[in-house]
Amino acid sequence: MLPVPLLEDLGPLEGRSVLVRVDFNVPLAGGGPGTTAEIADDLRIRAALPTLRWLLARGAIITACTHLGRPKGQPDPRYSVQPVRQRLAELAPGVELLENLRFEPGETANDPGLAERLVAGHDAYVNDAFGASHRAHASIVGPPRWLPSAAGRLLAREVEVLGGLRDAPRRPFVAVLGGAKVSDKLGVIDALLEMVDALVIGGAMCFTFLKARGHRVGASLCEESMVGHCRELLDGPTPIHLPYDLTALGPGGVPGDPGAGGDVLQVRADVPDGWMGVDIGPGSAAQFGDVIHEAGTVFWNGPMGVFEDPRFGGGTGAVAAAMAETRAMTVVGGGDSAAAARRFGVDRDMDHVSTGGGASLELIEKGDLPGLTALRRAT
Ligand code: ADP
Ligand code: MG
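Computed from a predicted structure; not experimentally measured.

Draft legend 1. Inspection of the state of the cysteines at higher detail. One pass over the full model with this rule turns up zero disulfides. Summary of cysteine pairing: Cys230 is not part of a disulfide, and the nearest cysteine sulfur, belonging to Cys222, is at 8.3 Å. The class of Cys230 is buried, set by a relative accessible area of 0%.

Put into structure tokens, the structure is as follows:
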């Protein structure tokens, strides 16, 4: 993967004004009529501190900017950065934070006029918003057209680790994929099949593959239009491990709602009519664990089941535990996968938990992102 310019490349920063694009798109709680929202988790703010503190220590004057939630291109008090500002003032005093970039329609429309207004008065630009760098938005691709630019610490680490998976993984290299939809991840599945020594598939995604192998999937999530493509992938040279047993939820049950009842059964790879596959079974969980233990590198994206429901967290928990125990280099990508790693208490045992969901998958798939290209072309 091509390198990106780093903070050290910016030269002396004493008294210089630096615009820093961060990803402070934190989860908010509350914020009903007349009340202000509160930050439910400040992880993303803390993740930018190494960059902000490095710049402050060198005498830079920092203006940070971020998007927050999905306001529709106009000011919306529910998405004001005010609570983020307060937390930032505690963690990195002296850093100014602009109001939500998505209050401006020009942000997502990549309006050069907005970018020009953002860079006015600044001497340099730093992108530390990995989670937004797959989008050609004004604050991501615009400023490098005018300012000397660099990747912040967080962004640089993501490029180093995810780029390393593409360029020189310790083998065997195994990807463990799960989550909801095959169609969302088809690009990355195709790309990974060229790179890995084996692919392990669980989650709702496995049912489209199981169907392609001739199994019955009952009422499980299955993308009919993808079955043919999955069959081709199964016939390809890279081994693909599918579950041979499953946890299924009976008619009337609702995944995510234990109170709604419904029978829960362990079945083989065929799901009875009216039943829904909601997790990989214990045998498959153990087998997937063995593959993870024997790997040199593991990339994990997508939970193995509906782990938000404690009845169906077993498969994801087993994969999380194997990831924590293996001597392989372990990398987790994807918002729900990172949440699962935290839920099962293994996030600190991973070599790297990516802060970008879509961005991490796109970087692995394509080997580059619009935000990275922009940094390399900077003045
Ligand atoms: P990530 O954010 O890590 O990329 P995804 O968004 O693709 O992951 O998928 C996460 C979701 O997939 C979770 O909400 C989980 O409940 C759901 N899921 C996993 N397995 C199943 C299944 N067998 N049936 C239905 N949903 C599933
Ligand atoms: Mg997700």
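Draft legend 2. Examining the packing of aromatic side chains more closely. According to the stated counting rule, one finds zero aromatic pairs in the structure shown. Taking the ring centre of Trp54 as reference, the NZ or CZ of Arg58 above it sits at 3.9 Å.

Draft legend 3. Here's a closer look at the sheet that holds strand E4 (residues 61–65). Reading across from one edge, E5-E4-E1-E6-E7 is the order of the five strands in this open sheet, with parallel pairing throughout. Two strands in the sheet have a free side with no partner beyond their single neighbour: strand E5 (96–97) and strand E7 (149–151). Bridge analysis of E4 against E5 gives two bridges, and the strand direction is parallel. Residue pairing in the sheet places Ala64 in a bridge with Leu97 of E5.

Draft legend 4. Structural view of helix H11 (residues 282–293). Its 12 residues give H11 an end-to-end C-alpha distance of 16 Å, which sits within 8% of 16 Å, the value for a rise of 1.5 Å per residue. Within H11, burial applies to Gly283, Ser284, Ala285, Phe288, Gly289, Val291 and Ile292.

Quick notes on the rules
- Residues numbered from 1 in each chain as written.
- Chains lettered and ligands numbered in written order.
- Predicted model: local features only at pLDDT ≥ 70, side-chain atom pairs only at ≥ 80, totals over all residues.
- Heavy atoms only, no water.
- Disulfide = S-S within 2.5 Å.
- Buried < 20%, exposed > 50% of the residue type's maximum accessible area, 1.4 Å probe, protein only.
- Phe/Tyr/Trp six-rings, centres within 6.5 Å; stacked < 30°, edge-to-face > 60°.
- Lys NZ or Arg CZ within 6 Å of the ring centre and 35° of its normal.
- Pairing = 2+ DSSP bridges.
- Helix = DSSP H or I, 4+ residues; strand = E, 2+ residues; numbered from the N terminus.
- Expected span 1.5 Å × (residues − 1).

Keep in mind these numbers describe shape, not what the thing actually does.
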